[in-house]
Amino acid sequence: MSITGIEAPAVEVRGLVRDFAVKGGPPRRALDDFDLAVAPGEVHGLLGPNGAGKTTLCKILSTVLLPTAGTARVQGLDVVADAKRVRPLLGIVFGGERGLYARMTAAQNLRFWAALYGHGRREGRRRAAELLERVGLGPRADEAVETFSRGMKQRLHLARGLVGDPRVLLLDEPTVGMDPVSAHEFRDLVEDLRAEGRAVLLTTHDMAEAEALCDRVSFIDGGRLLRCEDPRVLGELLSRHERVRASGVPEALAARLAALPGVERVRATGPGAVLVETDRGGAALPVLRTLVEAGVTDVSTAPPSLEEVYLHLIGDRGMAVRP
Amino acid sequence: MNAIAVLRQTMWSGWTDLRSVYTPTTWAFGWMVRVLCQVVFYSTLGALLGDAERARFLLVGAAVFIAVNETMMASASTTWERFSGTLSLLAAAPAGMVVVLAARSWFWVASGTLSSSIALLALAPFFGLRLGLGDSLAAVALILLTALTNYAVGLCCGSLSLRFHRLRNVFSNIALLTMTAVCGVMVPASFWPAGLQWFAAAFPASHALEAVRLAIADAPAAAVLAEAALAAGTSAVWLALAATALGWFQTDARRTGSIDFGD
Ligand SMILES: Nc1ncnc2c1ncn2[C@@H]1O[C@H](COP(=O)(O)OP(=O)(O)OP(=O)(O)O)[C@@H](O)[C@H]1O
Ligand SMILES: [Mg+2]
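Residues numbered from 1 in each chain as written. Chains lettered and ligands numbered in written order. Predicted model: local features only at pLDDT ≥ 70, side-chain atom pairs only at ≥ 80, totals over all residues. Heavy atoms only, no water.

So, about the overall build of chain B. Each helix and strand in chain B was counted, giving 12 helices and zero strands. Listing every helix and strand of chain B by position from the N terminus yields α-α-α-α-α-α-α-α-α-α-α-α. A compact globule built from 263 residues would reach a C-alpha radius of gyration of about 18 Å, and chain B, at 19 Å, matches this within 12%. Each principal axis of the C-alpha distribution contributes one length, and for chain B these read about 60 × 45 × 30 Å. Residues counted as buried form 52% of the 263 residues belonging to chain B. Across chain B, contacts joining residues at least 24 apart in sequence account for 79% of those joining residues at least 6 apart. (Helix = DSSP H or I, 4+ residues; strand = E, 2+ residues; numbered from the N terminus. Rg over C-alpha atoms; globule rule 2.2 N^0.38 Å. Buried < 20%, exposed > 50% of the residue type's maximum accessible area, 1.4 Å probe, protein only. Contact = heavy atoms within 4.5 Å.)

If you want it as structure tokens, here you go:
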């Protein structure tokens, strides 16, 4: 909280730089003059390709990594100077199967972390039971984590991140390894967190997930913030640049596809295989129709890749997103 | 921080680690049999090479050293935290990692005290060492002291192993070999030159083992207690070193980024 009584941003990052030493070379800049603000109760997506600097940002916010320059604050507290006061405010969840005590049960894991977040025995037990129910692991509470599937471990991770009752959640690719049903439940859970007034910084490669969940989305690449957008922009880009993949397409047919309105280009991806890229909403439909009428049956549609959306994002409105 | 809750939960996590190392059966018929064989081997060697006195010296040394051996495993189990991927989460947790790492390997103290005591008490009659009830109780209490005080040495090696991950097996092995040589286990400490004796005195095991020998030899209680106090005192220094090394590791990791999510 600030002195004026206005709640400080849940996360506020200014001019953040992080360099890593590289053996026998110049340092690698993982974050480059990065700015970000997340309001209390906001679900903020951080979208970027591999190596963009997402995890580096999460590590700095979670106080396990020092910035090279710039500042990062959590609810107004500096993550370097006030690290001790920042830690209780945060919940950390990262993807994958690690970070759990495999031989302990799900409930024991949560009770362990409840204690580390300052809760006594009784409160720890209560929280563990409640959170296990919440993430759908109630029936497996007393089984060793090593017997869990990937998605189940991921759910337990989420519960672990919530055990300290955090005001700010850092979710670094939390849905890696989840099946679509779990991913859907995850979305509901994030909605609940938002309703409870918690801020969420959600790192992901999954544009559909970001679009569905986030109040705002920041695009990061090469450690720099490309732009911060309303997720609707993302949704629009996703449908506008839908792609059609087909195989068994003769050259003449490919040429006809290329001439259809809204088709940006037709790329050959193998013998007889093509990838049709569109740049207008609804343009995929005539492409599909043409293919099916020509007797091509191996046809599928897909959203554009993150890289393509990037190109369009930058290309559509000019390169100068950020000085 | 709710230190009691942290301790309780950490000890519980250590207990599950112990159960993954041993089942009661493998402890009794794997580990314990190995311990007994080892102690019999050294004691017999003493009987063959020297006299009954030498055999008893080696018996006590080898048996008590089991407690030292096992508590040095705290070094390895400290690094298990990295293997489970919880190190970054501990570093980011309000309670921090000091208490957790200090307490998580407690089970080696328990197992070490138990196996060492069984070896000494069970084998003593075979090598002509007569221990009355009082002697036996004193020996067990002092073996517990040996395990507890050497645990600090194990923790110190563990902290260094976290910092120098690639050398993680080196520290405890070097420490163990050094202690075997100089702490009066196989050869009396007085065998070594004065400088080396001073060096040996830095290890709690030297004093704790001497305390056991004195107690068994019915030395005055004051002499036994003096050695016990020296063991506790040197152990406190090692504990401080362990905490310092851990702080060093954390500062360094925050600076270089050597703790990753999932580490
Ligand atoms: N400890 C480290 N030492 C050296 N370089 C590092 C270290 N950690 C990260 N980097 C580098 O910093 C850059 C950003 O990495 P980061 O893990 O933040 O990316 P990311 O956006 O999380 O990627 P991903 O989507 O693959 O998880 C990468 O080039 C990476 O190689
Ligand atoms: Mg990452």
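In this assembly, 37 residues from chain B lie in contact with 37 residues from chain A. Broken down residue by residue, the surface that chain B buries against chain A is led by L89(B), R254(B) and F261(B), which jointly contribute 27%. At the boundary of chain B with chain A, the tally comes to 15 residue pairs in polar contact (both at pLDDT 80 or more). Mapped by element, the contributors of at least two residues to the side of chain B that touches chain A are α1 (3-21), α4 (74-83), α5 (87-92) and α12 (221-256) of chain B. Ranked by the residues each element gives to the side of chain B that touches chain A, the list is headed by α1(B), at 10 residues. Looking at side-chain class alone, the side of chain B that touches chain A contains 15 nonpolar, 14 polar and eight charged residues. (Buried area = accessible area lost by both parts, 1.4 Å probe. Polar contact = N/O pair within 3.5 Å; in protein donor to acceptor, adjacent residues only side chain to side chain. Nonpolar A, V, L, I, M, F, W, Y, C, P; charged D, E, K, R; others polar.)

A separate point is the site of ligand 1. Among the 14 residues in the neighbourhood of ligand 1, the closest are listed as G51(A), K54(A), T55(A), T56(A) and H205(A). Close to ligand 1, residues of chains A and B are found. The side chain of N50(A) places a nitrogen or oxygen atom 2.8 Å from an oxygen atom of ligand 1. Starting from 640 Å² of accessible surface for ligand 1 in isolation, the protein chains cover 72%. In terms of residue count, helix α1 (residues 54-61) of chain A provides more of the shell around ligand 1 than any other element does, three residues in total. (Near = heavy atom within 4 Å. Areas by Shrake-Rupley, 256 points an atom, 1.4 Å probe, with all protein chains shown as cover.)

It is worth spelling out the packing of helix α3 (residues 52-71) of chain B against helix α11 (residues 204-216) of chain B at this point. All names here are of chain B. Interaxial distance between α3 and α11 falls to 10 Å at its minimum, and their mutual angle equals 135 degrees. One way to sum up the angle between α3 and α11 is to call them oblique. The two elements α3 and α11 meet at a crossing, and its hand is right-handed. Residue-level inspection shows F57, V60, G61, V64 and V68 of α3 in contact with α11, the latter providing A205, L209, V212, R213 and I216. (Axes fitted to C-alpha atoms, helices over the stretch in contact; angles between N-to-C directions. Parallel < 35°, antiparallel > 145°, perpendicular 65-115°, else oblique. Left-handed = near helix turned anticlockwise from the far one by under 90°.)

Moving on to the packing of α3(B) against helix α7 (residues 107-123) of chain B. Residue and element names in this part refer to chain B. Direction vectors running N to C along α3 and α7 enclose 165 degrees, while the axes themselves pass 7 Å from each other. The angle between α3 and α7 falls in the class roughly antiparallel. Relative to α7, the crossing made by α3 is right-handed. Note on element contacts: α7 touches α3 through W108, V109, S111, G112, S115, S116, A119, L120 and L123, opposite L59, V60, A63, V64, I66, A67, E70 and T71.

Residue and element names in this part refer to chain B. On the UniProt side, "transmembrane region" (unreviewed entry) is annotated at positions that read residues 28-50, 57-77, 83-101, 106-127, 139-162, 174-194 and 228-249 here. Taken as a whole, residues 28-50 contains 96% helix and 0% strand, while its terminal C-alpha atoms sit 31 Å from one another. Segment residues 228-249 splits into 100% helix and 0% strand. End C-alpha atoms: 31 Å apart. (UniProt positions renumbered as here; feature names shortened; annotations may be inferred.)

With that settled, consider the UniProt feature "domain: ABC transporter" (unreviewed entry) in chain A. UniProt tags residues 11-247 of chain A as "domain: ABC transporter" (unreviewed entry). Strand forms 28% of residues 11-247 of chain A and helix 35%; the C-alpha atoms that close the span are 47 Å apart.

With that settled, consider the domain arrangement of chain A. Segmenting chain A into domains produces domain 1 (11-230) and domain 2 (242-302). The C-alpha-based centres of domain 1 of chain A and domain 2 of chain A are spaced at 40 Å. (Domains from an automatic or database assignment.)

With that settled, consider the environment of F199(B). All names here are of chain B. Within the secondary structure layout, F199 lies in helix α10 (residues 194-200). On a C-alpha basis, the gap between F199 and V182 in space is 8.3 Å, while along the polypeptide they are 17 residues apart. When sequence neighbours within four positions are dropped, the list of residues in contact with F199 reads T178 and V182.

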